[in-house]
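Close look at the chain arrangement
So the chains spell out like this:
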Amino acid sequence: MENKPAKSNRVMLDRDAWIKGAIAILAEHGPERLRVEVLAKRLGVTKGSFYWHFKDRHDLQGAVLEYWKDGRISDIRKQTQASPGAEAEALLHTIEVYSSARNRKGIAIEAAVRDWARRDPQAVAVVEEVDAERLRCAFRLFLACGLTEDEARARSLLLYAYVFGVSLMRPGNFADDLASLRSWIAAHIAR
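Note that the structure is predicted; figures quoted are calculated from it, not measured.

Turning our attention to the side chain of Thr80. Inspection of the secondary structure puts Thr80 in the loop between α3 (57–79) and α4 (87–99). There is a polar contact of 2.7 Å between the side chain of Thr80 and the backbone oxygen of Ile76. With sequence-adjacent residues up to four places away left out, Thr80 is seen in contact with Ala90, Thr94, Cys137, Arg140, Leu141 and Tyr160.

Printed below as a string of structure tokens:
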């Protein structure tokens, strides 16, 4: 009988798996827990395999920020696409998507990245880039609806102030029909 090499039980992770694992830790525990040892343990691998994909923790952090930025900008552009004449509907859709309760995981990541940006210049630059794209896309839709530039700017800011604010809140029993309140608010922002 021929001796066959033993099969390895090691899990091989690619760069994206490390980044996605890091984003999960970021959302659950914040940027301070985004460490190689914590991530390797969560992924069930040795931290040595980390160094096949990243130079160091700073390299991972940069990759996480870039991944988040690219994903956010892609999603923002997708959510704010509108054919001519359908811009108001796109605004209402954008408000609905970003203020819905089903967006809890996304808002946890958003909050963690924003918390990170309070202390890290690289994170600040990424958040500013994403916010600028959010506001540009909404501004473009409001202009297409016939608003002046000043009003389009103000409503763009109001739109995102509302969706982030409501995403962070848990209004509980404030009103019997929160869905109606949200619809009313969205209609007033988008008109």
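Further notes follow.
Detailed reading of the predicted coordinates is not advisable wherever pLDDT is low. Per-residue confidence for the protein gives a mean pLDDT of 89, with 92% of residues at or over 70. Across the protein, the secondary-structure element scoring lowest on mean pLDDT is helix α8 (residues 178–190), at 87, and the one scoring highest is helix α6 (residues 121–144), at 97.

What follows concerns the nonpolar core. Of all hydrophobic cores here, the largest spans 53 residues; its most connected members are Trp18, Val64, Phe142 and Leu159. Top element by residues in this core is α6. It accounts for nine residues. For Val64, the contacting residues outside a window of four places in its chain are Ile19, Ala22, Ile23, Leu26 and Trp116.

A few words on the pattern of salt bridges. Throughout the structure, instances matching the rule amount to 17 salt bridges. Residues Glu28 and Arg42 are paired through a salt bridge, measuring 2.8 Å at the closest nitrogen-oxygen approach. Here Glu28 is found in helix α1 (residues 15–29), whereas its partner Arg42 is found in helix α2 (residues 36–43), with 14 residues between them in sequence. Given the relative accessible area of 40%, Arg42 is considered partly exposed. With a closest N to O distance of 3.0 Å, Arg77 and Glu133 form a salt bridge. Pair noted here: Arg77 is in helix α3 and Glu133 is in helix α6, with a separation of 56 residues, a long-range link. A single network of salt bridges, built from pairs that share partners, joins Glu32, Asp115, Arg118 and Arg119.

Attention now moves to the packing of α4 against α8. Two numbers describe how α4 lies on α8: the axes approach to 9 Å, and their chain directions differ by 140 degrees. With respect to α8, the axis of α4 lies oblique. Here α4 and α8 pass one another in a crossing that is right-handed. Contacts from Ala88, Leu91, Leu92, Ile95 and Ser99 in α4 reach Arg182, Ala186, Ala187, Ile189 and Ala190 in α8.

Conventions used here
Residues numbered from 1 in each chain as written. Predicted model: local features only at pLDDT ≥ 70, side-chain atom pairs only at ≥ 80, totals over all residues. Heavy atoms only, no water. Helix = DSSP H or I, 4+ residues; strand = E, 2+ residues; numbered from the N terminus. Polar contact = N/O pair within 3.5 Å; in protein donor to acceptor, adjacent residues only side chain to side chain. Contact = heavy atoms within 4.5 Å. pLDDT = per-residue confidence, 0-100. Core = buried A, V, L, I, M, F, W, Y, C linked by side-chain atoms within 4.5 Å. Buried < 20%, exposed > 50% of the residue type's maximum accessible area, 1.4 Å probe, protein only. Salt bridge = Lys/Arg side-chain N within 4 Å of Asp/Glu carboxyl O. Axes fitted to C-alpha atoms, helices over the stretch in contact; angles between N-to-C directions. Parallel < 35°, antiparallel > 145°, perpendicular 65-115°, else oblique. Left-handed = near helix turned anticlockwise from the far one by under 90°.

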